[in-house]
Every structure is written in structure tokens, then in C-alpha cells.
Amino acid sequence: MIHEEDYISILKEELVPALGCTEPIAIAYASAKARQILGTFPEGIEIYCSGNIIKNVKSVLVPNSNGMKGIGAAAVLGVVGGNPDRELEVLREIRPEHIQKTKELLERGFFSNRLQENVANLYIIASVWAGDHSASVKIINRHTLISEIRKDGKVIYQMQCETQDEGVKKKEMSIAGILEFAGQVKLDKVKAILDRQITLNTEIARNGLEKKYGAQVGRTLLETYGDNVKVRARAFAAAGSDARMGGCSLPVVINSGSGNQGMAVSLPVIEYAREWKVSEKVLYRALLISNLTAIHLKYYIGSLSAFCGAVMASCGAGAAITYMAGGNYEQISHTIVNTLANIGGVVCDGAKASCAAKISSAVDAALLAHELSMEDRFFAPGEGIIQGDVESTIKSMGYVGRIGMKTTDIEILNIMMDQVVFQE
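Nothing here was measured: the structure is a model prediction, and the numbers come from that model.

A short note on the overall build of the protein
Consideration 1: Counting its regular elements, the protein contains 16 helices and eight strands.
Consideration 2: Taken against the 2.2 N^0.38 rule, which gives 22 Å for 424 residues, the C-alpha radius of gyration of the protein at 21 Å falls within 12% of a compact globule.
Consideration 3: Contacts in the protein between residues at least 24 apart in sequence constitute 75% of all its contacts with a sequence separation of at least 6.
Consideration 4: A total accessible area of about 17,300 Å² is found for the protein, and carbon and sulfur atoms account for 48% of it.
Consideration 5: Within the protein, one finds 44 positive and 47 negative side-chain charges whose respective centroids are separated by 4 Å.

Take a look at the structure:
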């Protein structure tokens, strides 16, 4: 049975600040840690990583890099100026001289990369050397979860890892349990966590609306469709992604290992709370529902996959909005099911500017799902993957993402690496 302290532990573990897209940051973190273990500046670095890491790093700007992209930029910048003690904010202290040295080292062949097959979807090894000495750091399943450290070929640290990113008691979570926890917990136990999410994610969203990042999805939504709450809910979440994918140096509070999911799960809820002028207490409880629902759904998918995580995050946001509208358990459950029935097939083809558009689409689907559920309208069991209750439907969608889309994941990566010859 999952208890209040378990939910709080999950929130503390999942809702942490990160600077930029979490996959290049994880590479920078592993690289900085390997340099720290080596004890001197290395002569070179090699990164071994899964296809999903390659997919999510290929097209996204590395934060504080002055516009650089890719695994090499993340790895070398981590070695040159990264502070591993900051974990997902490892590149926070980067200075212009670090960027210049990174560019010089990349031109000199300081970095190399190898694809690792038949490993966890989130898998990174950073290996560095200098003279006769070497060090390596392995990360698996979670972006800061170091599972092994070697120095001069000897294991100096090792831990056992689950094949899925379980965290604390995640497999025992349920929508009913989440609603009970969110409705009863003393808010002073979670206020600091949620205040940080509200502050940081709102700040980067506003930055994304003020500046021209990526395709400017958030700005386009407001300019095209007007300034109403349904548009703002989409625009703020998309604008945060515009900024984050575009190399903005502001941190975000992540959810399920993703900054994009962290913004999609929080910013629409915050906008609706402002529009409806709900109390601070109601907003906090709604954010608990949103965050934990997204984490609950993502558990059945795993850390990285071909399934777009914005879908799970938007389910959480929709559930929270239904809660703030006075929805009961059945209506909140229907919001989740209605969302999955609509956009359950959105694929993840890496982190890049179009993530903002996918977030907008996912939030739009969640808002439609909310409107349907408040009228007690919902998609019925037996229609596609929809099962007899919300928990069974969540598991069926998780099965599609985790098992059914394995081949899809491989083929997406093949396309991104130009390894597919299309028929004329």
C-alpha cells in the first residue's frame, strides 16, 4: 500500500530543476562526473549511449552553449566547464572561455560516440582517459541515476537498477489514491516543491513568449487565436518548450525526467487557476493531481520510448483542470481516458522545436476531454484500446507505448540517422 510519505518522496524525486533538455544534460552530467573521477583534464572522451539518447540529443540546442547541438557539444562542454554537483543544472556555470575551448576540442577529434544496442532506453556511459589512467560513469533509467563508476578499470561504485524507472512505490499508484492524497495532505509538506514549479516554469514560458525561439509556437497561438484561457493554456506550455528547445538558459522543473512534460503538466493548470481565480490551496492540490497522474501514466511506458510524453503530461493537466472545475472521480477518470482515446498514438521523434507543437496539440486534446467529461460524455470500453476502467486503460496504453512501439522506435532512429532508403 502506498502512503502519504511515498507520494511526497515521489514528488521530491521527480519534480527537480533541470537546465535545458534532459538528455544532453544527462550526457554533460556523466561527462563532468567522469572528469571529476579521473582527477585531471582528459585527453579524450567517448560516449556510449542508447538510440533514444541519440534521438533526443541530435536536434536540440545544448543550454549555455551559444547555439551548439549534439552529443559531442554536450559531452565536451560537460568535461570543460560542467559542475557535476549541480546534477541536471550541470552547465549552469559555463563561461565564454568554456564554449571556445569546447569548439576547439571538437575540431581536434577530442570526442567520439558509439551507439549501444540491446540496452535500456536511457543508457549513457562517459569514458575519459589521460595517459595510463581512465574513468567511466554509467547512467541508466533515470537522467541522474549513476549505476556504476570505474577508475583505471576497477569498479569503485555500483548499484542495482530496475529495468524501469520505478522510483518509490510507483507501481502501487492509482488515480483514486492520487485524489485521496491530494485532497488530504497538509500543504506545507509540498508547498516548496510546487512553488518552485510554479515560479520556474512560469518564468521560462514568459521568456518563450517574449523572445523568438524555434518556430514560436506559443507566440503564434496567442497571435492567431486570441487571448482566452483555452489558448493561453496551450500557448504558455508551448512557449516554455519553444524556449527550452531553443537553448534558453533558464531552468524548468521537470516531470518524469522531462522538462517538456514538466511544463505541459503544470502551465495549463496554472493558467486555468488564474482564470477561474481559485484559491492557492486549490491550485496546489490540482498540481499534485496533475503531476502524480502524469508520473503514474508514465510508469507504464518507461523512461524513453517512441511514445510522446506530452500525451501523459496533458492527461495530468486535464485531470487537474477537471478537479478545479468540481469534477468527481468518474469525471476525472473520463478526462484521462478521453485524452488517451484521442491522441494515444503521437510518436516521439526526438527533442526539437516541434515538441512545442505536440505539447499544444496534447493540451488541446486534454481540454476537449475535460469538456466532454464535465457533460458526462466519454468514449466507451471496447472502443480501440479503451478498457473497462481508467486503470486498465492506462495499462493498455502503457503496453502500446512500451511493447507495441519498440519497432517504431527503432525505425524512427534509422530515419533520423539516414539509414533508410525509401522506395520511389
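Points about unusual backbone geometry
Consideration 1: Backbone geometry places Gln216, a non-glycine residue, at a positive phi of 55 degrees.
Consideration 2: For Gln216, the position within the fold is in the loop between helix H7 (191-210) and helix H8 (217-225).
Consideration 3: On the basis of relative accessible area, Gln216 is assigned to the partly exposed category, the value being 22%.

Re the sheet that holds strand E5 (residues 133-140)
Consideration 1: Spatial strand order, E3-E2-E4-E5-E6-E7: six strands in an open sheet with mixed pairing. A strand with exactly one partner marks an edge of an open sheet, and here the two such strands are strand E3 (111-115) and strand E7 (154-158). Neighbour to neighbour, the strand axes of the sheet diverge by 15 degrees on average, direction disregarded.
Consideration 2: As judged from the eight bridges shared by strand E4 (residues 123-130) and E5, these two strands associate in the antiparallel manner. Residue pairing in the sheet places Ile125 in a bridge with Lys138 of E5.
Consideration 3: Running over the sheet, helix H4 (residues 70-81) touches strand E2 (44-49) and E3 and is turned about 130 degrees from E2.

So, the confidence of the model for the protein
Consideration 1: Summary statistics for the protein give a mean pLDDT of 93 and a share of 98% for residues scoring 70 or more.
Consideration 2: Low pLDDT, under 50, characterises residues 162-166; the stretch is placed with 13 contacts to residues that sit more than four places away or in other chains.

Observations regarding the packing of aromatic side chains
Consideration 1: Under the defined criterion, the tally for this structure stands at four aromatic pairs.
Consideration 2: When the ring of Tyr299 is compared with that of Tyr300, the centres are 5.0 Å apart and the planes differ by 80 degrees; the resulting orientation is edge-to-face. The burial state of Tyr299 is the same as that of Tyr300; both residues are buried.
Consideration 3: Across from the ring centre of Phe41, 4.0 Å away, lies the NZ or CZ of Lys101, which sits over that ring.

Overview of the side chain of Gln261
Consideration 1: Within the element layout of this structure, Gln261 appears in helix H10 (residues 259-276).
Consideration 2: Contacts of Gln261, omitting those with residues within four sequence positions, involve Asn255, Ser256, Lys298, Gly309, Ala310 and Ala313.

Concerning helix H5 (residues 96-107)
Consideration 1: For H5, with 12 residues, the first-to-last C-alpha span of 17 Å sits near the 16 Å given by 1.5 Å per residue.
Consideration 2: Among the residues of H5, His98, Ile99, Thr102 and Leu105 are the ones counted as buried. Mapping the buried residues of H5 onto a view down its axis gives an arc of 130 degrees, with all of them on the same face. Opposite the buried face of H5, by more than 90 degrees, sit the exposed residues Pro96 and Glu107.
Consideration 3: Considering only its buried residues, H5 is in contact with H4.
Consideration 4: Backbone geometry just downstream of H5 places Gly109 in the positive-phi region, at approximately 80 degrees.

Quick word on helix H12 (residues 309-324)
Consideration 1: Taking 1.5 Å of rise per residue, the 16 residues of H12 would be expected to cover 22 Å, and the 23 Å separating its terminal C-alpha atoms lies within 8% of that figure.
Consideration 2: With its phi angle positive at about 90 degrees, Gly326 sits one or two positions after the end of H12.

Observations concerning empty space enclosed by the protein
Consideration 1: This structure, assessed with the given rule, holds two cavities of 30 Å³ or more.
Consideration 2: Lining the largest cavity are 30 residues, with Ser258, Asn260, Gln261, Gly309 and Cys348 sitting closest to its centre.
Consideration 3: Sorting the residues of the lining of the largest cavity by element identifies helix H2 (22-38), helix H9 (229-245), H10, H12 and helix H14 (355-374) as the ones contributing at least two each.
Consideration 4: For the lining of the largest cavity, a count of residues per class yields 11 nonpolar, 13 polar and six charged.

Examining the environment of Cys308
Consideration 1: Along the chain, the position of Cys308 falls in the loop between helix H11 (280-299) and H12.
Consideration 2: Sequence spacing of Cys308 and Cys348 is 40 residues, and the spatial spacing of their C-alpha atoms is 4.5 Å.
Consideration 3: Beyond its immediate sequence surroundings of up to four residues, Cys308 is in contact with Val346, Val347, Cys348 and Lys358.

Side note on the pairing of E4
Consideration 1: Across the eight residues of E4, seven count as buried, placing the element largely inside the fold.
Consideration 2: Once E4 ends, the chain turns through two residues before running back antiparallel as E5, passing Gly131 with a positive phi of about 60 degrees.

Here we look at the environment of Ser373
Consideration 1: You can see Ser373 is positioned in helix H14.
Consideration 2: In this structure, the C-alpha to C-alpha distance between Ser373 and Thr322, residues 51 residues apart in sequence, is 8.1 Å.
Consideration 3: With near-sequence residues (within four places) excluded, Ser373 lies in contact with Thr322, Gln331, His334, Thr335 and Asn338.

Rules and cut-offs
Residues numbered from 1 in each chain as written. Predicted model: local features only at pLDDT ≥ 70, side-chain atom pairs only at ≥ 80, totals over all residues. Heavy atoms only, no water. Helix = DSSP H or I, 4+ residues; strand = E, 2+ residues; numbered from the N terminus. Rg over C-alpha atoms; globule rule 2.2 N^0.38 Å. Contact = heavy atoms within 4.5 Å. Areas by Shrake-Rupley, 256 points an atom, 1.4 Å probe, with all protein chains shown as cover. Lys, Arg positive; Asp, Glu negative; His and termini not counted. Charge placed at Lys NZ, Arg CZ, Asp CG, Glu CD. Buried < 20%, exposed > 50% of the residue type's maximum accessible area, 1.4 Å probe, protein only. Pairing = 2+ DSSP bridges. Axes fitted to C-alpha atoms, helices over the stretch in contact; angles between N-to-C directions. pLDDT = per-residue confidence, 0-100. Phe/Tyr/Trp six-rings, centres within 6.5 Å; stacked < 30°, edge-to-face > 60°. Lys NZ or Arg CZ within 6 Å of the ring centre and 35° of its normal. Expected span 1.5 Å × (residues − 1). Arc of directions from axis to C-beta. 1 Å grid on protein atoms, 1.4 Å probe; cavity = no way out; pocket = protein on both sides within 12 Å on 5 of 7 lines; lining within 4 Å. Points joined across faces, edges and corners; volume = space filled by probe spheres on them. Nonpolar A, V, L, I, M, F, W, Y, C, P; charged D, E, K, R; others polar.

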